[in-house]
Every structure is written in structure tokens, then in C-alpha cells.
Amino acid sequence: MDYKIAVIKGDGIGPEIVDQAITVLEAVSEKCGISFVFSEVLMGGCAIDKYGLPLPESTLKTCKESDSVLLGAVGGPKWEGLPGDSTPEAGLLGIRAGLGLYANLRPAVIYEALREASPLKPGIVDGKIDILVVRELTGGIYFGERGRSEKGTPNEWAYDTEKYSVPEIERIARIAFEAASKRRGIVTSVDKANVLESSRLWREVVTKVSKDYPGIALNHMYVDNAAMQLIRNPGQFDVIVTTNMFGDILSDEASMITGSIGMLPSASLGSGKPGLYEPIHGSAPDIAGQDKANPIATVLSAAMMLRYSLGENFAADLIENAVVRVLDKGYRTSDIAYYGGTVVGTREMGRLIAEEVRRAEF
Ligand code: NAD
């Protein structure tokens, strides 16, 4: 099977970390007999430098014709101060809109070998912490009607509107239930149904969709309680599904309990292909070109790509297990070397993970 992968390395550390994900995918290819055809395209600051705009039409076209898109990161000081629609980050918004990506999946995993990195106390993070936040990305209050009165009037006002339709809720709920069916089988739907009408509809629709997934346990939680429970007992969560704004906040909270930005991947999915896979961090201009960046978030984004866009669950497991083994052996990039270990650079970390993939026995 040949998979077409559009590769956007981007700016800053982007090229260094994406190169390592490709090294690991090449090892997967040898091991599993699947093959990848990589097409490199430009987006972000490097596209501004070459074409004068952050998301050239040709880049979007190649992405649309691919099975999935692997992205490093975009932006940096060189392009700061450009007008809003011509910044590298405008390329990101453009590609998400252009590919119709309405679901954002962000796992937050605490690795045994990095447990000390979590800001939470031992005892709270003792068990397995592996949470997937599924956030609705193109609806809700960020896209609803808004308005503001004239500035400085005595009763000055402003408003934003939270609005969700049944199809919007149904499709994100399905993504969550499908994801849970490949994990521990628990969906927690987060809303504010004690106050908001839109949340009451959210709850009704998620409950209705759950009937199609009899093997999955569904529970509902108010967002204020969910914010507390993530700190109090994060081990109870498997998949969290929620609205755009609640997901924005809770996915940041969940990722921070792991304590390591260089480790966290993400996926953005729409209807059908292609999905977009990228680390949650930015282009880290402060360490670009120094072989210091942690490539693991990007390597794990490639694993998500195998699982969610290509249906290659076995290959995805292979990568995730290889990362665990490399960490268990004590190898660390400098951002995660809290208590020593063998500190390695970006390229060596990529090589070690690829080697573990090749070594896996099955
Ligand atoms: P950042 O995530 O790039 O960096 C924050 C801090 O984390 C820095 O100290 C950096 O060195 C460190 N860091 C980040 N990723 C790392 C990794 N893989 N390994 C080791 N350390 C890592 O955030 P920032 O500094 O706020 O933004 C820098 C640029 O990235 C800006 O231009 C911003 O707009 C852009 N950005 C892009 C994306 C994206 O492409 N999706 C996301 C966020 C920020």
C-alpha cells in the first residue's frame, strides 16, 4: 500500500523535527511493508520568503490530493509585524479551513520515565494517565455572531454567541466514540448543561449518538467539574469530547499535567481525508538549527497519522512503543532531562526511535 503524505516542514525547528519523523516512518515502512510517498511543500515564513504568501495555492492543492499532511511548525521573529492575513500563522488557519478540519485531537500522556515532569504530586499521577481531548474546532462561540456597542457609552456592551447545530455535534461525537473504540472505551462529554441551552442540545445529541456505540461507556460532566477532576484524578479520563471554547481551555490544562511541551502531538480531522498532524508546540526559534529540539511530539504526530488517517494501528503502536523504550533506556533531549539521563540531540533521538522500531519483535 502506498500512502501519499504531504510534508510541511515550516520554520524554526520545523525542518529538524519533521526529518526525524520521516526517519521513523521509513523504519516503519521497512518493518511493516507499507510505503510512503512524501511530497514536500512550503507553508509559513519560508513560503512568504519564496512566494510572498504563507499558504500558496499549490501547497493546499498537494495537501488535498494526499492521504494526510504532516506539519512541523511555522512562524518566527523574522515575520513578526506583518499584517494579520499575511503572517505565517495565517497559513495555519488557512490550511485548517481549506481542508475542512472540524475536530482537534490532543492526547495528554504521562510517560512512566518522565513522571517527575508532571506538576501534579505522586499519588495523583501514579496510575496510567492517557487522555485524549477531542475538541470541536469550527463552531461554537469562536465563530458565532458577535457585536459591540459604541465605545465609551454609559452602558457599553459586547456579546458573543455560542451556537451549535445537531449535525455539528453529531460529527464531533462520532469522532470521539470512534477514537474511544480504539482506546479504553470511555467517553466523557463536557458541557455546561445546567446553564446553557446549547449545552443541553449538546448533551442530547451526544447521548443519541452513543446508542450507535454500545461498547463505549458515556458519562457527562460539567466543565467546571471537569477542570477540577483533571487535577484531582486525571486517571479517570479516556476520551473527553467538548465544544470549541471548553476544549481550548481543557486541552491546555490536560497537556500541562504532563509537564513537557516537546512530547505532545495533535491531529486535526475533517470529513474524510486528509487529516493534519502536528506537534502542539511552535517553531521554537530560540533553539532552531542547534540540534536541540525534541522531535518526539512530531514522531508521535506521525503515529497519530497512521492510526487516525491511514488505519495502520499496528504501525502506530510500533512507534509509540519505540518512544517508550527509548525513554525507559534513559535517553533524553535537553528539554526533558530533568533528572539526568543520557542527553542526546534531535537527530540522535530520531535515530534511536527508528532503531527501536526496527528492533521490535512480533
Ligand atoms: P514555542 O512552542 O515555539 O516555544 C516555547 C518554548 O518551548 C521555547 O522555549 C522553545 O524552545 C520550547 N520548545 C518548543 N518546542 C520544543 C521542542 N520540540 N523541543 C524543545 N523545546 C521546545 O512557542 P513560542 O516561542 O511562543 O512561539 C515561537 C513561534 O512559533 C512564534 O512565531 C509562534 O507564532 C509560532 N507558533 C507556531 C505554532 C504552529 O506552527 N502550530 C504553534 C505555536 C506557536
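For the structure, see preceding data.
(A) Region of the structure containing the pattern of salt bridges. Evaluation of the coordinates by the stated rule reveals 27 salt bridges. For Glu-278, the salt bridge identified is with Arg-96, shortest N-O distance 3.1 Å. One end of the pair, Glu-278, is in strand β12 (residues 272-279); the other, Arg-96, is in helix α4 (residues 88-98), and 182 residues separate them in sequence. The class of Arg-96 is partly exposed, set by a relative accessible area of 26%. In this structure, the salt-bridge partner of Lys-329 is Glu-356, at a minimum N-O distance of 2.4 Å. Pair noted here: Lys-329 is in the loop between α10 (313-328) and β13 (331-332) and Glu-356 is in helix α11 (residues 346-359), with a separation of 27 residues, a long-range link. Residue classification places Lys-329 among the partly exposed positions, given a relative accessible area of 45%.

(B) Seen up close, the packing of aromatic side chains. Per the counting criterion, the structure on display carries 5 aromatic pairs. Residues Phe-177 and Tyr-213 carry aromatic rings whose centres are separated by 5.1 Å and whose planes lie at 10° to one another, so their mutual orientation is stacked. A residue pair is termed long-range when its members are at least 10 positions apart, and Phe-177 in helix α5 (residues 166-181) and Tyr-213 in the loop between α6 (197-210) and β9 (217-222) qualify at 36 residues. An aromatic cluster is present here, built from Tyr-3, Phe-36 and Phe-38 joined pairwise through their rings. Taking NZ or CZ as reference, Arg-171 lies 3.9 Å from the ring centre of Tyr-102, over its face.

(C) Representation of the packing of α5 against α6 in the model. Following both chains from N to C, one finds α5 and α6 inclined at 50°, their axes separated by 9 Å at the closest point. The angle between the axes of α5 and α6 places the two elements in the oblique class. For α5 against α6, the interelement crossing comes out right-handed. When α5 is examined against α6, the residues Val-166, Ile-169, Glu-170, Ile-172, Ala-173, Arg-174 and Phe-177 are found in contact with a partner set consisting of Leu-201, Trp-202, Val-205, Val-206, Lys-208, Val-209 and Ser-210. Residue composition of the contact of α5 with α6, grouped by class: 10 nonpolar, 1 polar and 3 charged.

Procedures and definitions
Residues numbered from 1 in each chain as written. Predicted model: local features only at pLDDT ≥ 70, side-chain atom pairs only at ≥ 80, totals over all residues. Heavy atoms only, no water. Salt bridge = Lys/Arg side-chain N within 4 Å of Asp/Glu carboxyl O. Helix = DSSP H or I, 4+ residues; strand = E, 2+ residues; numbered from the N terminus. Buried < 20%, exposed > 50% of the residue type's maximum accessible area, 1.4 Å probe, protein only. Phe/Tyr/Trp six-rings, centres within 6.5 Å; stacked < 30°, edge-to-face > 60°. Lys NZ or Arg CZ within 6 Å of the ring centre and 35° of its normal. Axes fitted to C-alpha atoms, helices over the stretch in contact; angles between N-to-C directions. Parallel < 35°, antiparallel > 145°, perpendicular 65-115°, else oblique. Left-handed = near helix turned anticlockwise from the far one by under 90°. Contact = heavy atoms within 4.5 Å. Nonpolar A, V, L, I, M, F, W, Y, C, P; charged D, E, K, R; others polar.

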